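Per-entry structural report
Spelled out, the chains give:
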Amino acid sequence: MANITAAMVKELREMTDSPMMECKKALVEADGDMDAAVDILRKNGLAAAAKKAGRATNEGAVGAWVSEDGRMGALADVACETDFVGSNPKFTGFATKLAEVVAVNDPADVDALMALDMDGETVEAALTELIHIMGENMKINGFAALKPEKGGVASYVHMGGKIGVLVECAFDKPETATADAYKAFAHDVAMQVAALAPICARREDVPAETVEHEVAIYKAQAAESGKPEAIQEKMALGRLEKFYKGSVLNEQEFIKDSSLTISKYAQQVSKELGDTIEVMGFKRIARGE
């Protein structure tokens, strides 16, 4: 039997906004397993979905870079000790330049990135020099890149580098990439990803295990209603549809106009430009995660 500490109860409460005693009960039932305790609270209707626990305390910034033709882009997450340095143009400029190195060279991991060239010296040497100049310890947390076969990439950096987003859109006409309506659309979609943190862009890309996990919870919730099984099944499927609408980018309501979903917004811009624009995927990095 796991020892349920006050700190564990507090962490679960902060993750789920559930009552303290219910959190303790759930942890006892789950034998100290935090994820299982969250599921118990959700099944009992006491929590929606867990907030992300254990947020990193590192300061720093996420840099974004997209090529002039919009065909490739990358994000780079660089950590430092203080917000003062994290917002310094030298530091944010390094993060942006690092994102360019990632996009152009497609390194396998941070170690491979460290050995790449950045303006005539290795990334490792450039980082070491910046550490000396700024007087703070720094490290590269990670990166992400997109290079679609057709279409383009757009980026958005939120709150001075706290969140960086790349969005991949597919379209047929090369001139779409430079059209103002497309650029505004892609920027809006990237902002949406930053604000709402969807799981993926398309329903078919939601991992099967995620769907199974959600369905199991919705069925347990429906069973509590005491209604016939056929009704319970409909209730669970209805909740799954609601999950898709909240978690899949293309199915989410557009934050600037609730009469549109992102998919309908794409159709609207497609019609305006005489092309077929689809949001295919995205990368989202929150600083330090």
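Let me sum up the structure you'll find in this document. (Residues numbered from 1 in each chain as written. Predicted model: local features only at pLDDT ≥ 70, side-chain atom pairs only at ≥ 80, totals over all residues. Heavy atoms only, no water.)

1. Concerning the environment of aspartate 77
For aspartate 77, the position within the fold is in strand β2 (residues 73–80). Note: C-alpha distance between aspartate 77 and lysine 10 (67 residues apart in sequence) is 30 Å. If sequence neighbours within four positions are ignored, aspartate 77 has contacts with Ala61, Val62, Lys139, Ile140, Asn141, Gly142, Ile285, Ala286, Arg287, Gly288 and Glu289. (Helix = DSSP H or I, 4+ residues; strand = E, 2+ residues; numbered from the N terminus. Contact = heavy atoms within 4.5 Å.)

2. Comments concerning the side chain of threonine 176
Within the secondary structure, threonine 176 is located in the loop between β7 (163–170) and α8 (180–196). Aside from chain neighbours lying at most four places away, what touches threonine 176 is Phe171, Tyr182, Leu273, Asp275 and Ile277.

3. Quick notes on the side chain of arginine 287
Tracing the sequence through the fold places arginine 287 in the segment after β10 (278–286). A polar contact is formed between the side chain of arginine 287 and the side chain of glutamate 59, at a distance of 3.5 Å. (Polar contact = N/O pair within 3.5 Å; in protein donor to acceptor, adjacent residues only side chain to side chain.)

4. Brief notes about the environment of lysine 234
The topology assignment puts lysine 234 in helix α10 (residues 229–247). Separated by 24 residues in sequence, lysine 234 and serine 258 have C-alpha atoms that sit 26 Å apart.

5. Overview of helix α3 (residues 34–43)
Burial of α3 is extensive: seven of the ten residues sit out of reach of the surface. The set of residues buried in α3 consists of Met34, Ala37, Val38, Asp39, Ile40, Leu41 and Arg42. Buried-residue contacts for α3 involve α1 (6–16), α2 (20–29) and α9 (208–223). The N-cap of α3, judged by a side-chain oxygen 3.0 Å from the amide nitrogen of aspartate 35 a few residues on, is aspartate 33. (Buried < 20%, exposed > 50% of the residue type's maximum accessible area, 1.4 Å probe, protein only.)

6. What about the sheet that holds strand β1 (residues 59–66)?
Read across the sheet, three strands follow the order β1-β2-β5 without closing on themselves; strand pairing throughout is antiparallel. Both outer strands of the open sheet, β1 and β5 (139–146), are each paired with one neighbouring strand and no more. This sheet shows a mean twist of 15° between the axes of neighbouring strands, independent of strand direction. Of the pairings in the sheet, the one linking β1 to β2 comprises eight bridges and is antiparallel in character. What sits directly across from glycine 63, in β2, is alanine 76. (Pairing = 2+ DSSP bridges. Axes fitted to C-alpha atoms, helices over the stretch in contact; angles between N-to-C directions.)

7. Remarks on the sheet that holds β10
Within a sheet, adjacent strands bond to each other through the backbone by hydrogen bonds, running parallel or antiparallel. Ordered by their spatial adjacency, three strands build an open sheet running β6-β7-β10, and the pairing between neighbours is antiparallel. Because the sheet does not close on itself, it has two edges, and the strands there are β6 (152–158) and β10. Averaged over all pairs of adjacent strands, the angle between their axes in this sheet comes to 15°, without regard to strand direction. Across eight bridges, the pairing between β7 and β10 is antiparallel. Pairing of alanine 170 across the sheet is with glutamate 278, part of β10.

8. Re the packing of aromatic side chains
Summed over all chains, the structure comprises four aromatic pairs. Judged by centre distance (5.0 Å) and plane angle (65°), the rings of phenylalanine 171 and tyrosine 182 are edge-to-face. With a gap of eleven residues between them, phenylalanine 171 in the loop between β7 and α8 and tyrosine 182 in helix α8 connect regions that are remote in the sequence. Phenylalanine 171 sits in the buried class, given a relative accessible area of 5%. The buried category is assigned to tyrosine 182, whose relative accessible area is 4%. Where phenylalanine 185 meets tyrosine 265, the ring centres are 4.8 Å apart and the plane angle is 75°; that geometry is what we call edge-to-face. Pair noted here: phenylalanine 185 is in helix α8 and tyrosine 265 is in helix α11 (residues 262–273), with a separation of 80 residues, a long-range link. (Phe/Tyr/Trp six-rings, centres within 6.5 Å; stacked < 30°, edge-to-face > 60°.)

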